[in-house]
Amino acid sequence: MSEIEVLTQSTPSIIVDHVTKRFIKRNSHSFKEAFVGWLRGRKVRADSFTALEDVTFQVGEGESVAVLGFNGSGKSTSLKLVSGVLEPDEGIVLTRGRVAGLIEVGAGFHPDLTGRENVFLNAAILGMSRAETEARFDEILEFSEIGDFIDQEVKHYSSGMFMRLAFSVAIHVDLDILLVDEVLSVGDAPFREKCRVRIQQLAETGVTMLVVSHDMKMVEELCERGIVINRGRKIFDGPIVDAIDVLKKSRR
Ligand SMILES: Nc1ncnc2c1ncn2[C@@H]1O[C@H](COP(=O)(O)OP(=O)(O)OP(=O)(O)O)[C@@H](O)[C@H]1O
């Protein structure tokens, strides 16, 4: 493995080094079609689509960095690579410490368990002990504004309630790196504002953040640096104000 050059001032928390990610784009419309094609000796055409191409960036400890780009440019793919949900086809992704993504918020929730049971389950998945979760339970409940519904099965929750509880767990666990992906679309306006404040507090306490959002006002407030991705390629990495400018001037 070749040496990776450190590009950040502080110790890097996230290293994305010459990363390429491809997805298989199948041209056969159905399994049946593919099977019939195969019986007739035809090749199943499977083109690959390059979602990210040779992307390199690093995020230093305590830094908040935005990933900007138009729809389909590869932002969520970048976050999924950092969270470990996806693996790169080429290149290396490294992270230091406990990573929590708000991308998969609620993914570990079980519909037949109560809100309370789900809090413990989800916190455990995110690496918290039972005692740690117990110590923070009241705070989690208060933030979620779920109230007495906490002892009902979550399948009876409205989607907003479900997301509020899941989000509340995710932002109350101890973490070193927080991956934020359009989470502020969660809940109603007062709840969104509360989340924004909480994320800002986490950034101020030194949590490293990688933020994907189309909300330029929010990223400008939260991040000092921005990376612009265009059609899977990094086209800019620098101060957030300049990154927003580059995005506005670029074409989809
Ligand atoms: N699992 C997958 N299989 C096939 N193609 C995928 C998969 N995930 C993403 N893609 C494709 O990769 C490209 C980048 O997707 P990605 O979700 O990273 O974009 P994005 O910049 O986050 O977009 P948006 O702003 O719309 O959320 C898109 O063209 C998308 O269709």
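Labelled according to an unreviewed UniProt entry, the chain appears under the name ABC transporter ATP-binding protein, originating from Microbacterium tenebrionis.

Student: Got a minute to help me understand the domain arrangement of the chain in this structure?
Tutor: Often the size quoted for an interface is simply the accessible area lost on bringing the parts together. Segmenting the chain into domains produces domain 1 (1-102 + 175-252) and domain 2 (109-170). Taken together, the 11 residues of domain 1 in the interface contact 11 residues of domain 2. Both faces considered, domain 1 and domain 2 share a buried interface measuring about 1000 Å² in area, 71% of it formed by carbon and sulfur atoms. Scanning the region where domain 1 abuts domain 2 turns up 1 salt bridge. As a salt-bridge pair, Lys194 and Glu145 come within 2.6 Å of each other at their nearest N and O atoms.

Student: Is there a simple way to explain the sheet that holds strand β8 (residues 225-230) in this structure?
Tutor: Strand pairs in the sheet, formed through backbone hydrogen bonds, run parallel or antiparallel to each other. Pairing is mixed across the open sheet formed by 6 strands, whose spatial order is β5-β6-β7-β3-β8-β9. Of all the strands in the sheet, just β5 (99-101) and β9 (233-239) have a single pairing partner and so form its edges. Across the sheet, the mean angle separating the axes of adjacent strands is 15° when strand polarity is ignored. Sheet analysis places β8 next to β9, joined by 6 bridges and oriented antiparallel. Residue pairing for β9: Asn230 is matched across the bridge by Arg233. In this fold helix α2 (residues 75-83) packs onto β3 (64-68), β5, β6 (177-181), β7 (208-212) and β8, with an angle of close to 155° to the strand it touches most, β6. Across the sheet, helix α8 (residues 240-249) touches β3, β8 and β9, and the angle it forms with β9 is around 145°.

Student: Would you explain the environment of His214 in this entry?
Tutor: With respect to the element layout, His214 can be found in the loop between β7 and α7 (216-222). Take His214: its relative accessible area is 42%, and that puts it in the partly exposed class. Once the C-alpha coordinates of His214 and Asp181 are considered, the two residues, 33 residues apart in sequence, prove to be 9.7 Å apart. What His214 contacts, discounting residues up to four positions off in sequence, is Gly69, Phe70, Asn71, Lys75 and Glu182.

About the cut-offs
For every chain, the first residue of the written sequence is number 1, and numbering continues from 1 onward in sequence order. The predicted nature of this model means local features are confined to residues of pLDDT at least 70 and side-chain atom pairs, given and counted, to a pLDDT of 80 or more, with totals for whole chains, interfaces and linings taken over all residues. The side-chain numbers reported here are obtained from all heavy atoms of the structure, hydrogens and water having been left aside. Segmentation of the chain into domains, including their bounds, is taken from an automatic or database domain assignment. Here, two residues are considered to be in contact whenever any of their heavy atoms come within 4.5 Å of each other. The term buried area refers to how much accessible surface (probe radius 1.4 Å) is lost by two components on association, counted for both of them together. When a carboxyl oxygen of Asp or Glu is within 4 Å of a side-chain nitrogen of Lys or Arg, the pair counts as a salt bridge. A pair of strands counts as paired when DSSP detects no fewer than two bridges linking them. Secondary structure elements are defined from DSSP: runs of H or I of at least 4 residues count as helices, runs of E of at least 2 residues count as strands, and each element is numbered from the N terminus. Every axis corresponds to a line fitted to the C-alpha atoms, with the helix fit spanning only the stretch in contact, and the corresponding angles, defined between N-to-C directions, vary from 0 to 180 degrees. Accessibility here uses a 1.4 Å probe with only protein chains present; expressed as a share of the type maximum, an area under 20% marks a residue as buried, one over 50% as exposed, and anything in between as partly exposed.

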